[in-house]
Amino acid sequence: MEGTLKKGRIIGLLLLLLLAFLLDISIGSIKIPLGEVFRILFSFHSENSTWQFIVEKIRFPKACTAVLAGFGLSVGGLQMQTLFRNPLADPAVLGVTSGANLGVASIMLAGGGSASLYAIKELGFSGSWLITCAACAGAGGVMLLVLALSSRLNSNVMMLIIGIMIGSITLSVISIWQYLSDPDLVKEYLLWNFGSLGGVTGSQLVILSLVVAAGLIIAFLSSKKLDALLLGENYARSMGLTPKKARIIIICSTSLLAGGITAFCGPIGFVGIAVPHITRSLFNTSSHRILIPACCLVGSVLMLLCDTAAQLPGFQTVLPINIITALIGAPLVIWIILHKNNLRNFG
Amino acid sequence: MIKISRNLFFLVLSVFVLLGAFSCGRGAPKKEAAAAGEAGDAFSSEKAVIRHAHGFTIDYYDHYKLVRILDHDGTKTDTLKYLLVQEGTATPSGYPGAQVITIPVKSLVVMSSMHVALADFAGVADRIRGLGNFAYLSSTVVRNNVKAGKVTQIGLDGNINNELVISMHPGILMSMANPDVGFAKFKTMMDAGVPVMPNSEWLETTPLGRAEWVKLMAALVNKEDFVNKKFDSVEKAYDTLAQLGSRAATHPRVIIGMPFKGSWYMPAGESYMAKFLRDAGAGYKWADTKGIGSVALDFEAVAPEALTADYWLNVGQVDSKKEIAGKDPRYASFKPFKTGALYNNTKQTNDIGANDYWESGAVNPQVVLADIIHILHPELLPNHQLVYYKQLQ
């Protein structure tokens, strides 16, 4: 009975995802008739080449990025909440996203001197790839540091504290750079910090999908470990699980997801915290075999809706995605806490 | 002995200045006064008349000038007052809250390329003793002084080294700050006796209005005579070109700038850039938008225009078509990219990466306008050689 209910909800969410995807693609600052949007989507052709460009090259990649970000951030958040048994954990607690931030800041601010930028350009990187690679390098660096530390620690709580401290250190380094940099560069960095789904196209989208897919596969394969961890490290140990090994695998997965998405889209907050709570209250389960795919669906629907809301139909301006996710995500979490006492899983 | 002769000198000077101002008030030009103006120290005989700029006013009195820096914010206008008092004369009373600047100012601390350009235009670039950041410097005079160790880097608006500036005892510090927002941070400096003047030329809505801030610099160094003449010729050249451009038969459609992460900032309709485009006879889709800064647009909102535009100007921090496509492969679909009608205002970028467009270009709007007209309507100015702009390959 309960199984069919869950199946029904999953199917419902799938339909919702499809609808949200189409909604996101059909709404924008340029008015394109719905029929034309569908024609472009399914036949890749339109009489109006401008509309075709907008749907094919702007809206479609953006919606795909929203889906990927929704997948990755919510599963990353779920894993962290389970690993640390803390309802406030999100993919950023590991410091990986601040690491990505640091990488970007090192290019935009510290590298601000045109001389060093020139030198990097000579290496063959240029444009958006430069920022993305820097973010990946930053996220990867912090991830290695976290992994090295985690193999020496026995407790996940200590890991949590260390993650937050690493985040603080990287953010203060960035603050120093910001303080010392030219206002123009700081502005560009701030813009990056607002997060954006619109900058990922072509080959970048392919790479982002591969990274997210890798992170998700690892997460799905470790769902049993996550179930066990939820009951406490001692219990997990009694089930024959090595908490340290499990922790390393989970950190790898979350780092890939959070680091990859931050590298391509900039920081996107709140989805990672909010979606696991929403999903748990929807499905009333603690089994990660269900929670992980369900989180993917809820996360991507939420991201698509946020992206649609950010476009403010009729306006020529788009609001930064990072603002919208918090604006929508925070009230949702409050509502859930008030209506469903669903934090019990974190005893 | 020295003190007496100095006092005597100032007494003679002020009598002379008074006479000069008096005769000037009657409208009779005096040769002596003009000669003194060229010497550059005496109180100016000629007044600066502001015709384009909205951000400041200058009122002339016998031995002092009253400068008001205005901040138009909706219906209310905020004012900062400055008394420019001729060296050796008494500070007039009755101006509470006004900062006092002794003129002619002999040493300047400036923040932006624009300030350097103002000083250069007035012929007093060698009086710059402090500069916010050396990285954005084009003026050869100032660069030589930097090499000779005569100019100190003092940090940008947010984090100026107060102690360093105060110990330099500059005659004035020009800041980029908005007249009301964030001006409080200069309190230490003003308490220590360094007058701080915000230079909000970037709030002007026309290129000539921006350039006219040279007259404020002129008032500070008693060079109204020299600067007025120079500005008049800039104005005349600009107006002639603007007539030529705005009467052009065609209006090629133009897009400006480069999107970043899906947001595209276009100059707003009341910005000086939009005015340049209007005067150059360009078709600019956002010419009727409100605001003097820029409009934040969605990439999608600009795409229809970008796909079919005739020209793409001020492309940003890129130097070739390859780099533009590297930023985002979608940009290669824009018509100006395909036809090669891509022009960037970076021709005068020097070996340290500073772009003179932001410096001398700001006080030579007639040259910038000529460049844009030549790009959009080559038939109107066939012999013009691009100065600040270059075509990207």
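Residues numbered from 1 in each chain as written. Chains lettered and ligands numbered in written order. Predicted model: local features only at pLDDT ≥ 70, side-chain atom pairs only at ≥ 80, totals over all residues.

## Focus on the overall build of chain B
Line of reasoning, step 1. Scanning chain B for helices and strands turns up 15 helices and 15 strands.
Line of reasoning, step 2. The 393 residues of chain B split such that 48% are buried.
Line of reasoning, step 3. Residue pairs at least 24 apart in sequence account for 59% of intrachain contacts in chain B once pairs closer than 6 positions are excluded. (Helix = DSSP H or I, 4+ residues; strand = E, 2+ residues; numbered from the N terminus. Buried ≥ 20, exposed ≤ 12 C-beta atoms within 10 Å, placed from the backbone. Contact = placed C-beta atoms within 7 Å.)

## Remarks on the overall build of chain A
Line of reasoning, step 1. A count of helical and extended segments in chain A gives 15 helices and zero strands.
Line of reasoning, step 2. Within chain A, the proportion of its 347 residues that are buried is 48%.

## Here we look at the interface of chain A and chain B
Line of reasoning, step 1. Taken together, the contacts link 29 residues of chain A with 25 residues of chain B.
Line of reasoning, step 2. Considering each element in turn, the side of chain A that touches chain B owes the most residues, five residues, to helix α3 (residues 49-83) of chain A.
Line of reasoning, step 3. In terms of residue class, the side of chain A that touches chain B is made up of nine nonpolar, 17 polar and three charged. (Nonpolar A, V, L, I, M, F, W, Y, C, P; charged D, E, K, R; others polar.)

## Quick look at the sheet that holds strand β13 (residues 311-313) of chain B
All names here are of chain B.
Line of reasoning, step 1. Read across the open sheet, the four strands follow the order β10-β13-β14-β15; overall the sheet is mixed. Pairing within the sheet leaves two strands with one partner each, and these edge strands are β10 (254-256) and β15 (390-391).
Line of reasoning, step 2. Direction of pairing for β13 relative to strand β14 (residues 342-344): parallel, over a ladder of two bridges. By the bridge assignment for β14, L313 is matched with Y343. (Pairing = 2+ DSSP bridges.)

## A look at the sheet that holds strand β5 (residues 108-110) of chain B
Residues and elements named next belong to chain B.
Line of reasoning, step 1. Pairing in this open sheet of five strands is parallel, and the strands run β7-β6-β5-β8-β9 from one edge to the other. Only two strands of the sheet have a single neighbouring strand rather than two, namely β7 (152-153) and β9 (196-198).
Line of reasoning, step 2. Here strand β6 (residues 128-131) pairs with β7 via two bridges, running parallel. Bridging across to β7, L131 finds its partner in Q153.

## Some remarks on helix α10 (residues 223-230) of chain A
Residues and elements named next belong to chain A.
Line of reasoning, step 1. Residues of α10 that are buried include every one of K225, L226, A228, L229 and L230, and no others.
Line of reasoning, step 2. The elements touched by buried residues of α10 are α3, α11 (233-238), α12 (243-265) and α14 (288-310).
Line of reasoning, step 3. G232 lies just past α10 and shows a positive phi near 110 degrees.

## Some details on the packing of α14 of chain A against helix α15 (residues 321-339) of chain A
Residue and element names in this part refer to chain A.
Line of reasoning, step 1. Contact geometry of α14 with α15 gives a least axis separation of 9 Å together with a crossing angle of 115 degrees. Of the two elements, α14 crosses α15, and the hand of that crossing is right-handed. Here α14 contributes C306, D307, A309 and A310 to the contact with α15, which in turn contributes I321, I324, T325 and I328.
Line of reasoning, step 2. Of the residues that constitute the contact of α14 with α15, the class distribution is six nonpolar, one polar and one charged. (Axes fitted to C-alpha atoms, helices over the stretch in contact; angles between N-to-C directions. Left-handed = near helix turned anticlockwise from the far one by under 90°.)

## A few points about the packing of α3 of chain A against helix α11 (residues 299-308) of chain B
Line of reasoning, step 1. At a minimum axis distance of 10 Å, the contact between α3 of chain A and α11 of chain B shows a crossing angle of 135 degrees. Classed by the angle they form, the pair α3 of chain A and α11 of chain B counts as oblique. Judged by the sense of rotation from one axis to the other, the crossing of α3 of chain A with α11 of chain B is right-handed. Facing α3 of chain A, whose interface residues are T50, F53, I54 and I58 of chain A, α11 of chain B presents F299, E300, A303, P304 and L307 of chain B.
Line of reasoning, step 2. For the contact of α3 of chain A with α11 of chain B, the class distribution of residues is seven nonpolar, one polar and one charged. (Parallel < 35°, antiparallel > 145°, perpendicular 65-115°, else oblique.)

## Regarding unusual backbone geometry
Glycine aside, residues mostly have negative phi, and peptide bonds are mostly found in the trans state.
Line of reasoning, step 1. Cis geometry is adopted by the peptide bond preceding P104 of chain B, which originates at I103 of chain B and carries an omega value of -5 degrees.
Line of reasoning, step 2. Positionally, P104 of chain B belongs in the loop between β4 (99-103) and β5.
Line of reasoning, step 3. The phi dihedral of F270 of chain A is positive, around 75 degrees, even though this residue is not glycine.
Line of reasoning, step 4. Residue position: F270 of chain A is located in the loop between α12 and α13 (271-283).
Line of reasoning, step 5. One non-glycine residue with positive phi stands out, namely N314 of chain B, at about 45 degrees.
Line of reasoning, step 6. Mapped onto the elements, N314 of chain B comes out in the loop between β13 and α12 (321-327).

## Comments concerning the confidence of the model for chain A
Residues and elements named next belong to chain A.
Line of reasoning, step 1. On average, residues of chain A carry a pLDDT of 82, and 90% of them reach 70 or more.
Line of reasoning, step 2. Taken element by element, chain A is modelled with least confidence in helix α5 (residues 114-122), mean pLDDT 46, and with most confidence in α14, mean pLDDT 92.
Line of reasoning, step 3. Here residues 112-126 is a poorly scored stretch, pLDDT under 50, and it has 15 contacts once near neighbours within four places are set aside; other chains count. (pLDDT = per-residue confidence, 0-100.)

## A few points about the environment of G259 of chain A
Residue and element names in this part refer to chain A.
Line of reasoning, step 1. Here G259 is to be found in helix α12.
Line of reasoning, step 2. Note: C-alpha distance between G259 and S98 (161 residues apart in sequence) is 9.0 Å.
Line of reasoning, step 3. Once residues lying within four places of it in the same chain are set aside, the contact partners of G259 are V96, A100, C136, A139, G140 and M143.

## What about the environment of I30 of chain A?
Line of reasoning, step 1. Along the polypeptide, I30 of chain A turns up in the loop between α1 (2-26) and α2 (34-43).
Line of reasoning, step 2. In this structure I30 of chain A comes out as partly exposed when scored by C-beta crowding, with 17 C-beta atoms within 10 Å.
Line of reasoning, step 3. Sequence separation of I30 of chain A and W51 of chain A is 21 residues, and the distance between their C-alpha atoms is 8.6 Å.
Line of reasoning, step 4. Discounting residues that sit within four places of it in the chain, I30 of chain A has contacts with I54 of chain A together with E300, A301 and P304 of chain B.

## Some remarks on the confidence of the model for chain B
All names here are of chain B.
Line of reasoning, step 1. Of all residues in chain B, 86% have pLDDT values of 70 or greater, and the mean over the chain is 83.
Line of reasoning, step 2. A low-confidence stretch, residues 1-6 stays under pLDDT 50, and its non-local contacts, those more than four residues away or across chains, total zero contacts.
Line of reasoning, step 3. pLDDT under 50 marks residues 8-39. Its contacts with residues more than four places away, or in other chains, come to 33 contacts.
Line of reasoning, step 4. On the interface metric, ipTM, the complex scores 0.75, and its pTM is 0.78.

## Focus on the pairing of β6 of chain B
All names here are of chain B.
Line of reasoning, step 1. Where β5 meets β6, three bridges bridge the pair, whose relative direction is parallel. Considered in β6, the bridge of L108 is made with I128.
Line of reasoning, step 2. Crossover handedness for the path β5 to helix α3 (residues 113-121) to β6: right-handed.
Line of reasoning, step 3. With respect to chirality, the unit in which β6 leads through helix α4 (residues 140-147) into the neighbouring parallel β7 is right-handed. (Right-handed = clockwise from strand over helix to strand, strands pointing away.)

## Quick look at helix α4 (residues 96-108) of chain A
All names here are of chain A.
Line of reasoning, step 1. When the terminal C-alpha atoms of α4 are compared, their 18 Å separation across 13 residues agrees well with the 18 Å that a helix rising 1.5 Å per residue should span.
Line of reasoning, step 2. Here α4 lies mainly inside the structure; 12 of its 13 residues are buried.
Line of reasoning, step 3. Those residues of α4 that sit buried are V96, T97, S98, G99, A100, N101, L102, G103, V104, A105, I107 and M108. (Expected span 1.5 Å × (residues − 1).)

## Considering the environment of H384 of chain B
Residues and elements named next belong to chain B.
Line of reasoning, step 1. Along the chain, H384 falls in the loop between α15 (365-376) and β15.
Line of reasoning, step 2. Judged by local crowding, H384 falls into the partly exposed class, with 15 C-beta atoms found within 10 Å.
Line of reasoning, step 3. Each C-alpha atom of the pair H384 and I352 lies 27 Å from the other, and the pair is 32 residues apart in sequence.

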